[in-house]
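Residues per chain are reported as follows:
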Amino acid sequence: MTIQLEHIKPHTSAQDFFAQYVSLRKPVIIDGLPDDPSFAAQKWSSDLDYLSSKAGDTKVLVEPMHPTTQQFGTDVQRVSMPFREFLQSLKNEKGPYHYLTTQYSGEEWDALTVFSPPTDALRDEFPEVPRLIGNLYLQQANLWLGKSKDGSSSGLHHDFHDNLYCLLKGRKRFVLFPPHEHEHLYPHGTVHTLHKNGVIAYDKMLRADGLDYRVALRTRIAVLKKQLDAMEASGAKTKGKGKAKAATKERKALEREYLSLREELEELAEDEQYGFPLDDDEDDIERVDDGSDLGSLAGDLDGQDDYEALMGEDGLDGDERSITGEDRSGEAAEDPPSFSCIPTAFLHKQLDLPTTAIALSDSSPADFLKLAKASPPYVVELSAGQMLYLPASWWHEVTSSSDGEEDVHMALNWWFYPPDADSFEEPYEDKAVWEYLRESRRKDGVARIGDPAADPGKRKRDDGSELPVKKAKK
């Protein structure tokens, strides 16, 4: 048995959308494309030559279909090529065809950008944040493009961010399970926490809002530094004995909090499991007594107001993560924790859905008996011109199909950091951190959170010469 999702119109107010779906963590189908004046992505699906002329020079990574399982989202190594060349390959009479999925810009984790290729070359034809989404913070936008008359699968998995998925051409069948069904869906990782907003964390560092705790800690330190600098600049102007005394008391409280967080950062950096290299200005913290001012410590974070420096060009070293292409021993990394071990062929058979997926001979339905105990999933048949809102950590398997022999399937999606507060105006509980990040993005023109641990399911980019990049998402 399967169940169906609600449908709404794209002109729904952002406030109603937040109250009825986003804050309640409910997926929903939107019967239409974004109504933003800047949305012009419809033209991409009707003319691949236009796409080629607009973004053909960009370099993209495409995923070959797994030769045995006949699906995507596997450990098959991605191939790097000009976007123009990939578009031309989709015009070939015979497949199998490669698939354009999540992109990563550059070799470093901090280079994961919001507008990765080819969306960076198409920025003037879609909104950064669709009106319907309101005040959620953008994590990344991607173009999904492939060709499959009979249907190709992504594999069952979940993401760590809210998703607005806009289908421009072709058909997509989504099989959806809520986050708590992880108990029956055999994730590769061991679940550490299921946050109240549904976000699944595989270690203690992932917060409910999708930020890595280490990133948030560095940001809070920068916020305090900014407050202390402002107090120092205005200190000389404070008149009146009472006001000066109150200002001194407030400053000392901020100093104590600042030092406490800096010490926590040092301790965390040395942690055997979660440690990371400190920047030059983050070690050798000078200790001060509660009764003294910060002295030279006030300059310790000079330059950290710069967004990219704060988020860490060094950040958390990729070698410290099991989710990179290799671990410190040089061996291939395990599958991302957010992917299910259940073969797509078994999932489709359990749900009595048509499939082209083929199970490997070393697995059996008897290995996944808990799947039958899962609650009935939603099965969503999405058509071109519709959107799907999917909250973070909802499990989904996606089968993509072209409408005909010559057609492609194409989608544009936006990922957003999941809200952990109930307010439309301020959807994130840690207001100070998110206000700082928004201000920094406006100031620097950088629309990204540069630390990879904010999404432990993503991999760093591979140019075809390194180890495989695991798992496409849709």
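Residues numbered from 1 in each chain as written. Predicted model: local features only at pLDDT ≥ 70, side-chain atom pairs only at ≥ 80, totals over all residues. Heavy atoms only, no water.

Structural notes on helix α1 (residues 14-22)
For an α-helix the count is 3.6 residues per turn, leaving residues at separations of three or four pointing the same way. Those residues of α1 lying buried are A14, F17, F18, Y21 and V22. Along the axis of α1, the buried positions cluster into a sector of 105°, meaning they face one direction only. (Buried < 20%, exposed > 50% of the residue type's maximum accessible area, 1.4 Å probe, protein only. Helix = DSSP H or I, 4+ residues; strand = E, 2+ residues; numbered from the N terminus. Arc of directions from axis to C-beta.)

Some points on the packing of aromatic side chains
A ring pair, where both rings are aromatic, is described by two values, the distance of the centres and the angle of the planes. Applying the stated rule across the entire model yields 18 aromatic pairs. With centroids separated by 6.5 Å and ring planes inclined at 25°, the aromatic side chains of F83 and F86 adopt a geometry described as stacked. In this pair, F83 and F86 both sit in helix α4 (residues 83-89), three residues apart, roughly one turn of the helix. Since its relative accessible area comes to 0%, F86 is described here as buried. Here a set of aromatic residues connected by ring pairs shows up, and it is made of W44, F115, F126 and W414. Here R123 stacks its cationic end above the ring of F115, 3.9 Å away from the centre of that ring. (Phe/Tyr/Trp six-rings, centres within 6.5 Å; stacked < 30°, edge-to-face > 60°. Lys NZ or Arg CZ within 6 Å of the ring centre and 35° of its normal.)

Quick notes on the sheet that holds strand β7 (residues 152-153)
Taking strand neighbours across the sheet as the criterion, the four strands line up as β7-β14-β9-β12 in an open arrangement whose pairing is antiparallel. The open sheet has two edge strands, β7 and β12 (378-383), and neither has a second partner. In terms of strand pairing, strand β9 (residues 171-177) meets strand β14 (residues 395-401) through seven bridges, oriented antiparallel. Bridge pairing in β14 links V175 to E397. (Pairing = 2+ DSSP bridges.)

Points about helix α3 (residues 48-55)
Within α3 the residues assigned to the buried category are L48, L51, S52 and A55. The buried side chains of α3 occupy one side of the element, clustering within an arc of 100° when seen end-on. The inward-facing, buried residues of α3 abut α2 (42-46), α4 and β15 (409-416). Residue D47 occupies the N-cap position of α3, its side-chain oxygen lying 3.0 Å from the main-chain nitrogen of D49. (Contact = heavy atoms within 4.5 Å. Polar contact = N/O pair within 3.5 Å; in protein donor to acceptor, adjacent residues only side chain to side chain.)

Structural notes on the side chain of R251
Along the chain, the position of R251 falls in helix α6 (residues 241-269). There is a polar contact of 3.3 Å between the side chain of R251 and the backbone oxygen of L228.

Focus: the pairing of β15
Along β15, eight of the eight residues are buried, which leaves the element largely enclosed by surrounding structure. As defined by bridge partners, strand β6 (residues 138-146) adjoins β15 across eight bridges and the pair is classed as antiparallel. Residue A141 lies in a different strand from β15, and its bridge partner there is W414.

Quick notes on the pattern of salt bridges
Using the criterion set out here, one finds 20 salt bridges in the structure. Between R25 and D162 there is a salt bridge, and its shortest N-O distance comes to 2.6 Å. Taken together, the residues span a long stretch of sequence, with R25 in the loop between α1 and β2 (28-30) and D162 in strand β8 (residues 162-169) at a distance of 137 residues. In this structure, R25 and D162 share a single accessibility class: buried. Note that R214 and D212 form a salt bridge whose closest N and O atoms lie 2.7 Å from each other. Judged on exposure class, the residue R214 and its partner D212 are both buried. Members of the salt-bridge network, linked through shared partners, are K43, K54, D124 and E125. (Salt bridge = Lys/Arg side-chain N within 4 Å of Asp/Glu carboxyl O.)

Digging into unusual backbone geometry
Excluding glycine, most residues fall at negative phi; most peptide bonds, likewise, are trans. In this structure, the amide linkage connecting P117 to the following residue, P118, adopts the cis form with an omega of 0°. Mapped onto the elements, P118 comes out in the loop between β5 (99-100) and β6. Positive phi, normally seen in glycine, also occurs at Y186, with a value near 55°. Secondary-structure assignment places Y186 in the loop between β9 and β10 (193-194). Within the chain, D352 stands out as a residue other than glycine whose phi angle is a positive 60°. Secondary-structure assignment places D352 in the loop between α8 (344-350) and β12. The exposed category is assigned to D352, whose relative accessible area is 71%.

A closer look at the nonpolar core
By size, the foremost hydrophobic cluster in this structure holds 55 residues, and its most contacted members are F17, W44, F83 and W414. Per-element accounting of this core gives the leading share, five residues, to α1. (Core = buried A, V, L, I, M, F, W, Y, C linked by side-chain atoms within 4.5 Å.)

Observations regarding the environment of K54
Here K54 lies in helix α3. The spatial distance from the C-alpha of K54 to the C-alpha of R84 is 9.5 Å, given a sequence separation of 30 residues. Leave out the neighbours within four places in its chain, and K54 touches A121, L122, D124 and E125.

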